[in-house]
Amino acid sequence: MEILKNFRGNSLKQLNKANANLFLFSKLCWDTLKEEQACTKAEEALISWRGKLERNNHFLTLPEATDCINELRSKTDFFDKKLNSSKYAVIKKAFIDVESTFKSFFVIGIGVPQSGIISFLKGLTNILGEKPRLFYFIERIEILKSYVPTVTLVENELPTIKILLDKERIVNISNPIISEILKLVIEVAEGYKLFNHSENFSKRVFPGISIRQGFGNYKHFLNLLGIIDEVYDYRNDHAFLKQK
C-alpha cells in the first residue's frame, strides 16, 4: 500500500482511504492481466486516477475508476473473482463501512431554469421565513455553478438548487419535517416550469423535484462494485438507506 504514504495518514477520511485502496487493487489486477492481454484504457485510467489521488482530488476519480474497472471486467472475470474473495474483502467493506452521517443526510434537488434561480430562492426564503422553525432543520442551500472545472455538465442533467437537511437531526425518511419542507418547496415550485433533472439514485416527489440520502458520487462507487443494495434500499432507485 505504498501510495498511502503520500497522503495524510490518519487525517484521511474513510472514503478517501477506500478509494485509494480500490485504486491499488485495480492496479494489482491490471498488473496481472497486462501480461496476457492489452488493457490500454485501464492503463490510461490508472495513470489519471493516481494523479488525482496524489492531488487529493478523490471526489473526481469516478470516471477513471469506471473506465479502468469496466475494461478489466470486459477482458476476464479475474477482477470480480479477486474482489469477491475473502483475501480482498476489505475493498468492498471499506466503502460499506463509511460513517453513517455521510450516507444518511438528505438532499432535496430542484430543477430550476437558470433564468428563474434568483426569484425562486427569494420565494423559497420568504415562505420559509413564515415558518422559521423549519430553518433549524436546513443545513444549507446550494446553487449549481454553470461551470465546474474538469466536469462537463449536460443541460438539465443536474438539479440547479439543492437543499441539504441537517444531518444530525434528520436521518430517516419517516421524519415528518421532511414532508413539511417538501410541501413548502412544492408550493414555491408551482409558480415555475421546472425541468425534470436526471440525477440518479433519487426519488422524484414532484415534477422537477427529487429527494435522496447520501452523496451521488458515493452511490456510483457502490454501484460500480455491485454493493449498493447492501447500503441503500433498491426501491425508489436506491434513494434511501436500507433499513436494518
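The notes below deal with the structure included here. None of these values were measured; they are calculated from a predicted model.

**A word on the sheet that holds strand β1 (residues 106-110)**
Working step 1: Across the sheet, which stays open at both edges, the five strands sit in the order β2-β3-β1-β5-β4 with antiparallel pairing between neighbours. Because the sheet does not close on itself, it has two edges, and the strands there are β2 (138-143) and β4 (203-206). Sheet twist, expressed as the mean angle between neighbouring strand axes with direction ignored, is 25°.
Working step 2: Running over the sheet, helix α8 (residues 176-189) touches β1, β2, β3 (161-165), β4 and β5 (209-213) and is turned about 155° from β5.

**Some thoughts on the nonpolar core**
Working step 1: L22, W49, L72, F95, Y218 and L222 are the most contacted members of the largest nonpolar core, which has 39 residues in total.
Working step 2: Breaking this core down by element, the ones donating at least two residues are α1 (14-33), α2 (40-54), α3 (62-75), α4 (78-83), α5 (89-96) and α9 (216-224).
Working step 3: Looking at this core element by element, the count peaks at ten residues for α1.
Working step 4: Ignoring any residue separated from it by four or fewer positions in sequence, one finds L222 in contact with F95, I227, I228, V231 and Y232.

**Some remarks on the side chain of T61**
Working step 1: Note that T61 resides in the loop between α2 and α3.
Working step 2: For T61, the side chain forms a polar contact with the main-chain oxygen of H58, separated by 2.8 Å.

Cut-off values and rules
Residues numbered from 1 in each chain as written. Predicted model: local features only at pLDDT ≥ 70, side-chain atom pairs only at ≥ 80, totals over all residues. Heavy atoms only, no water. Pairing = 2+ DSSP bridges. Helix = DSSP H or I, 4+ residues; strand = E, 2+ residues; numbered from the N terminus. Axes fitted to C-alpha atoms, helices over the stretch in contact; angles between N-to-C directions. Contact = heavy atoms within 4.5 Å. Core = buried A, V, L, I, M, F, W, Y, C linked by side-chain atoms within 4.5 Å. Buried < 20%, exposed > 50% of the residue type's maximum accessible area, 1.4 Å probe, protein only. Polar contact = N/O pair within 3.5 Å; in protein donor to acceptor, adjacent residues only side chain to side chain.

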